[in-house]
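Inside the fold
Single-letter residue listing:
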Amino acid sequence: MSNVYGDFTSCYLDLARQVYEDPDFESAPRGMAIKEKLACKFTITNPLDRLPYVPVRKFSATYVVAELLWYLSGDNKTKWIANYSSFWNNISDDGETANSAYGARIFKPHPRIAGGTFSQWDYIKKELAHDPDSRRAVVHIRSPWDSVEAKLDVPCTLSLQFFIRDEKLHLVAHMRSSDLILGIAYDIPAFTMLQELMAFELGLDMGTYTHVSNSLHIYERHYEMVEAMTSDWAVKGALRIHRETGPMPQMPSQPPIDGLFHIESHLRTTESVEELQNWVDQCPDYLGTDDAYWVDWVRVLAAHRCGKLKMKNEKRALLKSTDFVGYHRF
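Residues numbered from 1 in each chain as written. Predicted model: local features only at pLDDT ≥ 70, side-chain atom pairs only at ≥ 80, totals over all residues. Heavy atoms only, no water.

**Notes on the overall build of the protein chain**
A tally of regular secondary structure across the protein chain gives 14 helices and eight strands. Taking 20 Å as the expected radius of gyration for a compact globule of 330 residues, we find that the protein chain reaches 20 Å, a close match to that expectation. Viewed in the frame of its principal axes, the protein chain has a C-alpha envelope of about 55 × 50 × 45 Å. Excluding contacts between residues fewer than 6 apart, the proportion of contacts in the protein chain whose partners are at least 24 apart in sequence is 69%. For the protein chain, the computed accessible surface area is about 14,900 Å², with 49% contributed by carbon and sulfur atoms. (Helix = DSSP H or I, 4+ residues; strand = E, 2+ residues; numbered from the N terminus. Rg over C-alpha atoms; globule rule 2.2 N^0.38 Å. Contact = heavy atoms within 4.5 Å. Areas by Shrake-Rupley, 256 points an atom, 1.4 Å probe, with all protein chains shown as cover.)

**Examining unusual backbone geometry**
Phi is positive for Arg30, which is not a glycine, with a value near 55 degrees. Its place among the elements puts Arg30 in the loop between β2 (25-27) and β3 (34-44). Note on Arg30: relative accessible area 67%, which makes it exposed. (Buried < 20%, exposed > 50% of the residue type's maximum accessible area, 1.4 Å probe, protein only.)

**Some thoughts on the packing of aromatic side chains**
Under the criterion given, the structure shown has 21 aromatic pairs. For the ring pair Trp70 and Tyr71, a centre distance of 5.9 Å and an interplane angle of 25 degrees mean the geometry is stacked. One aromatic cluster is present, built from ring pairs that chain together Trp70, Tyr71, Phe87, Trp88, Tyr102 and Phe191. The lysine or arginine in question, Lys35, covers the ring of Tyr20, its NZ or CZ lying 3.9 Å from the ring centre. Taking NZ or CZ as reference, Arg112 lies 3.5 Å from the ring centre of Trp145, over its face. (Phe/Tyr/Trp six-rings, centres within 6.5 Å; stacked < 30°, edge-to-face > 60°. Lys NZ or Arg CZ within 6 Å of the ring centre and 35° of its normal.)

**Here's the deal with helix α9 (residues 232-245)**
The end-to-end C-alpha distance of α9 is 20 Å, a good match for the 20 Å that 14 residues give at a rise of 1.5 Å each. Along α9, the positions that sit buried rather than exposed are Ala234, Gly237, Ala238, Ile241, His242 and Thr245. Taken down its axis, α9 places every buried residue within 135 degrees of arc, on the same side. Opposite the buried face of α9, by more than 90 degrees, sit the exposed residues Asp232, Trp233, Lys236 and Arg243. (Expected span 1.5 Å × (residues − 1). Arc of directions from axis to C-beta.)

**Here we look at the environment of Asp296**
Structurally, Asp296 can be placed in helix α13 (residues 292-308). Note on Asp296: relative accessible area 3%, which makes it buried. Here Asp296 is in contact with Thr322, Asp323, Phe324 and Tyr327, once residues within four sequence places are set aside.

**Remarks on the confidence of the model for the protein chain**
Considering every residue of the protein chain, the mean pLDDT works out to 94; 99% of them sit at 70 or more. Ranking the elements of the protein chain by mean pLDDT puts helix α6 (residues 144-148) last with 82 and strand β6 (residues 168-175) first with 98. (pLDDT = per-residue confidence, 0-100.)

**With respect to the side chain of Thr210**
With respect to the helices, strands and loops of the structure, Thr210 is situated in strand β8 (residues 205-219). Excluding anything up to four places from it in sequence, Thr210 contacts Lys41, Phe42, Thr43, Leu171, Val172 and Ala173.

Below, the structure written as structure tokens:
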């Protein structure tokens, strides 16, 4: 299985159809039935077109923003990210940290990666700046330790390898396992954003994103969703939405991580839509920029808080106020 797509929406729908309708195997790891294809490879030629506009999947743009912010912080504690997905409360091996906190393994020295002697992100930048043709720019995620000691949270990602070819930055992700419904829907947006950030820091244009999964699978509990998602009417609707929205804008500057965390900490305890809007209005003061790209992130996070407060109309209005129309669809 090797496929090339221009965008993630059409890629996601086609992968779901292929795995569900024509699996290589049907097995039951840990007693849970799946349909799977082995040694799958697919490429997205425009990694900026990273959001899956698939209404049946009920994809969360808020979680994309929150997860990437968590990764960029280098944090591995589950407490913060669990505000955006309770999933993280259930898989921590020690009750406090996550083995799959990829940012902790990428942006900070990590004890399970080369003995915690260096930041892999810094290594990649130096390697590619020194030798643009290098084949050594590999970020290692899974370690041998994970194979033996990790129980609930065994990282699905093996590595991320960056290449500069034809003056563009390409990324190849290698996965031991990819849950098409719960995993890939968020992995591709996250990994392509990391690709874009590296390209920005190196002063390069974006190349292609390639994903290699040793097991691309769908769990039995999601079969009904996949049937609905890949029906003719659902596919036509998803592709229509994609045509009306398209790719994300380019990242205009370095992520203002500290400012985003500062604002988010206040949004999470705010009780009124007026206060939420006030924090949105003050974005430039705390972010140090008025770039719509990052202000949109604050609006998305504020909309999430509206959802927590059961303010559905206000949540919808905040999402509709984003500069990037793609967020309007979520």
